[in-house]
Protein chains: 2
Amino acid sequence: MSKKVNVGLIGYGTVGKGTAEILVHNKQDIFEKTGIDITLKTVADLKIDKTRLDETLSLCETVTNNADDIINDPEIDIVLELVGGYGFAKEIILKALKAKKNVVTANKALLALHGAEIFKAAQDNGVTIGFEGAVGGGIPLIGVLKEDLVGNNIKEIFGIINGTANYILSSMEAEGKEFSEALKAAQEKGYAEADPTFDIEGIDAAHKIAILASIGFKTLIPFDKVYIEGISNIKKVDIEFAKRLNCKIKLLAIAKKLDDCIEVRVHPTMLPNAEMMAQVSGVFNAVEFVGDNVDKTMYYGRGAGGKPTGSAVTADVVSIARDIVGGCTERVPVLGFAKEYDYYCPIRNIKDVKSKFYLRFSVLDEPGTLAKIAGILGKYNISISQAIQPDNRAPGEVVTMVFMTHKTIANNIMNAIEEIDASDCVSDKTVAIRVKELV
Amino acid sequence: MSKKVNVGLIGYGTVGKGTAEILVHNKQDIFEKTGIDITLKTVADLKIDKTRLDETLSLCETVTNNADDIINDPEIDIVLELVGGYGFAKEIILKALKAKKNVVTANKALLALHGAEIFKAAQDNGVTIGFEGAVGGGIPLIGVLKEDLVGNNIKEIFGIINGTANYILSSMEAEGKEFSEALKAAQEKGYAEADPTFDIEGIDAAHKIAILASIGFKTLIPFDKVYIEGISNIKKVDIEFAKRLNCKIKLLAIAKKLDDCIEVRVHPTMLPNAEMMAQVSGVFNAVEFVGDNVDKTMYYGRGAGGKPTGSAVTADVVSIARDIVGGCTERVPVLGFAKEYDYYCPIRNIKDVKSKFYLRFSVLDEPGTLAKIAGILGKYNISISQAIQPDNRAPGEVVTMVFMTHKTIANNIMNAIEEIDASDCVSDKTVAIRVKELV
């Protein structure tokens, strides 16, 4: 068996460049570790100017503007799709798989939405697809779930898997900024995109938790069943209350395996400072896997960026190269479970998910207001564990009042808020944030 | 190729029992993930009473008091050595390897001291040896270093890898105990052994960091080159000073790759609270790997215990089973680097290792004492960044005085302390603790 494996890379953006740099500059180190000559043979990108190559590209055998030059090259064993998006990316992945090439991608959006089709195509063609770079940037998560924690029934997966949202929340906390200011600063520093919707509205985190939960719970998660709530409604005052409660507000992605169903959700969460997860700040990511045997384990690192994500893509490339050289096919199933066992586990409706809640009301400080609100909460069986009111206020002013509830299903909270917000007690929409209990 | 793999387990203590329970009770789950029927066929332990088997053992085909029943069984593919110690454990590992059986062990002491011989025996016999359970209990560390971070030159490895020492330091901090009280409480709770030497003197952590550094830096680390300093000299007063300095004292294992050499050491360390690592308390472990591409990543979880360590042992068993079924031999080299590239990188003498230091002097509060100490420190080129003295004292009393130094080589500190402790300035031995800078 030849000990040479050729790689073709499509998409020379941030992650493509980071990956290319690693494959070229760490080539000798990787050879010393694996005994395999893994060569980045061809890079394809529409935007590459072949007359002006950077140092990395000048060390590749072929640079092209045509992805087909990679897919049709019989010498290329592994195709890296680092284009992103749903259209062209999906097309080249399916073409590459059909051409019996192994594929590595970091495209979480595509896998979350079209994973079933893509994984089936890989299986039908007797090749594999790696996607460690799709979740948590450089943090090993997919490999850990599929291999290192294989001796566990995974009970819970939760974490901070969107660096942009975490950066914004961290700077709101550290610098006392309102959301819009913090977002603007993040955009100026390049930590948020011009259109930040996917990051701040929780969609990116939802893509990622859908992938992790699919592996962890041995079932494909239909993306439209993931409950998604972003951070754009979080105000400075919520961060301040969180501080008083010894908590931090984080955008958490959470997946839980229950006896008869699964919960998969993304929403802002109050996290007690005693949780390691609460200490994860800025653009860093962290994920906790809780297994029946290993108990809780946590993984922390850079969740984005060319080199960290390139590190994850390289891990997939090397793993596939080892399988090719060793003559081992489908050593580990694509989603970490043998294909005859895939099934769709029911996913619990968010209305039925129980949590403790932080409720912030903008109330008119008039006699009877508190009684009215408390009455409506009581009507929906919501019991209060703590009430916090600012000290200084004049009668008739709008004041902020915070209630912490005991555990209750979200449906009760939603109904109570609807009724309260329609009443004359409040001057602004009520904000509800779930509170994480210590694992 | 048959999809059945048989396992024999030798040593039914805490880890042996934890592993057996996982292999038996998670068997169906592991089959759903791998498509392989991994069967715990035989358990051997001198102490097993065959007339009174527990639930797990009653589900095994064979229970025996003779390890040879496993090693000589042609149907057994993987032998688990969970006996511990250097003598019998080494004997059965070498016998099993010679019988062309793959081996899994969690025996860090044996591997740190006799790894070279054992790894060579595995190689000579065309089989492998897994040892994920040897470091960090259930936390995936070996697999992460060998596979997930393969696209990185590892620059630094550091962490808390002895749960007993961390439990003692955490309880000294939380409960204001002196070392001896905290040790006694840990022993009563089963977190420290009757003879706690290996744990509190840093020897166990040294075994583990030697293994991690060997993999991370692609060189075998001779165990006697690891600098080891335990926590038995840490006093309550040091913990109190650490608090004032916004630090925690942790027993850290540290390995660094420099241009021309390696540092490998275990010692108590002042860790700024801003480091995630400083938040690791109680029996939990955490390790940080810093790579040239991925930057810093951290791994956290339970560093000991039957089930967590059993989870790691199971990961090795499954990985080997996948290789056996896939017909793939030596897919990943035992130490994560191809054998023709093993070499011994020079290890820096601790005297030449630069750190910031915390120095605590028990001085007689007499005129001129401070000048004398400062003079000796100056003579050895040690410059002071901060001096802390308690406020209330009467002349002639013994007082505690703390200096924080700038970075200096340990040799200067050792020489200065020797001279100061031999002088008439101090009434007790000076304590020096290295201070970790933020990565």
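What you are looking at is a predicted structure, and each value in this text was computed from that prediction instead of being measured.

### Observations regarding the UniProt feature "binding site: L-homoserine" (unreviewed entry) in chain A
All names here are of chain A.
- Here the UniProt feature "binding site: L-homoserine" (unreviewed entry) sits at E193.
- Within the element layout of this structure, E193 appears in the loop between helix 9 (179-188) and helix 10 (197-200).
- Apart from the residues within four sequence positions on either side, E193 is in contact with Q187 and D199.

### Here's the deal with the domain arrangement of chain A
Residue and element names in this part refer to chain A.
- For chain A, the assigned domains are domain 1 (4-135 + 306-326), domain 2 (142-302) and domain 3 (352-435).
- Computed from C-alpha atoms alone, the centre-to-centre distance between domain 1 and domain 2 is 28 Å.
- The interface of domain 1 with domain 2 comprises 13 residues on the first partner and 12 residues on the second.
- Interface area, domain 1 with domain 2, both sides summed: about 1,100 Å², of which 77% is carbon and sulfur.
- Looking at the side of domain 1 facing domain 2, the largest losses of area belong to K108, A112 and V135, adding up to 43% of the total buried there.
- On inspection of domain 1 and its partner domain 2, the count reaches one salt bridge.
- Between D204 and K108 there is a salt bridge; the shortest N-O distance is 3.9 Å.
- One can count two residue pairs in polar contact (both at pLDDT 80 or more) joining domain 1 with domain 2.
- With seven residues, helix 6 (residues 108-124) is the single largest residue contributor to the side of domain 1 that touches domain 2.
- Of the residues assigned to the side of domain 1 that touches domain 2, the class counts are 11 nonpolar, no polar and two charged.

### Quick word on helix 6 (residues 108-124) of chain B
Residues and elements named next belong to chain B.
- Approximately 90° is the largest bend angle found in helix 6, and it occurs at H114.
- Here helix 6 has its buried residues at A109, L110, L111, A112, G115, I118, F119, A121 and A122.
- Each element contacted by the buried residues of helix 6 is listed here: helix 5 (88-98), strand 5 (102-105), strand 6 (129-130) and helix 11 (203-216).
- Once helix 6 finishes, G126 follows within two positions and takes phi at roughly 70°, a positive value.

### Side note on the confidence of the model for chain A
- Taken as a whole, chain A shows an average pLDDT of 94; of its residues, 96% reach a score of 70 or greater.
- The complex prediction reports pTM at 0.96, with the ipTM value standing at 0.96.

### So, the relation of the copies chain B and chain A
- For these two chains of identical sequence, chain B goes onto chain A by a turn of 180° and a shift of 0.0 Å along the axis, with RMSD 0.0 Å. Both copies of the chain, as the preceding transformation shows, are related through a two-fold rotation axis. No C-alpha of chain B lies nearer the rotation axis than that of B:Y299, which sits 2.4 Å from it.
- A share of 100% of interface residues in chain B that are also interface residues in chain A marks the association as one of identical surfaces.

### Some words on the interface of chain B and chain A
- Contact with chain B, which involves 58 residues of that partner, is made by 58 residues of chain A.
- With both sides pooled, the region where chain B packs onto chain A buries about 5,100 Å², and carbon together with sulfur makes up 53% of that total.
- Between chain B and chain A we count eight salt bridges in total.
- In this structure, B:K218 engages A:E32 in a salt bridge whose closest nitrogen and oxygen atoms are separated by 2.7 Å.
- Run the count over chain B and chain A and you get 27 residue pairs in polar contact (both at pLDDT 80 or more).
- Those elements that provide at least two residues to the side of chain B that touches chain A are helix 2 (27-34), helix 7 (142-148), strand 12 (295-302) and helix 13 (306-326) of chain B.
- A total of 10 residues in the side of chain B that touches chain A trace back to one element, the largest contributor, which is helix 13 of chain B.

Analysis parameters
- Residues numbered from 1 in each chain as written.
- Chains lettered and ligands numbered in written order.
- Predicted model: local features only at pLDDT ≥ 70, side-chain atom pairs only at ≥ 80, totals over all residues.
- Heavy atoms only, no water.
- UniProt positions renumbered as here; feature names shortened; annotations may be inferred.
- Helix = DSSP H or I, 4+ residues; strand = E, 2+ residues; numbered from the N terminus.
- Contact = heavy atoms within 4.5 Å.
- Domains from an automatic or database assignment.
- Buried area = accessible area lost by both parts, 1.4 Å probe.
- Salt bridge = Lys/Arg side-chain N within 4 Å of Asp/Glu carboxyl O.
- Polar contact = N/O pair within 3.5 Å; in protein donor to acceptor, adjacent residues only side chain to side chain.
- Nonpolar A, V, L, I, M, F, W, Y, C, P; charged D, E, K, R; others polar.
- Bend = angle between axes of the 7 residues up to and from the residue.
- Buried < 20%, exposed > 50% of the residue type's maximum accessible area, 1.4 Å probe, protein only.
- pLDDT = per-residue confidence, 0-100.
- Least-squares fit on C-alpha atoms with pLDDT ≥ 70 in both.

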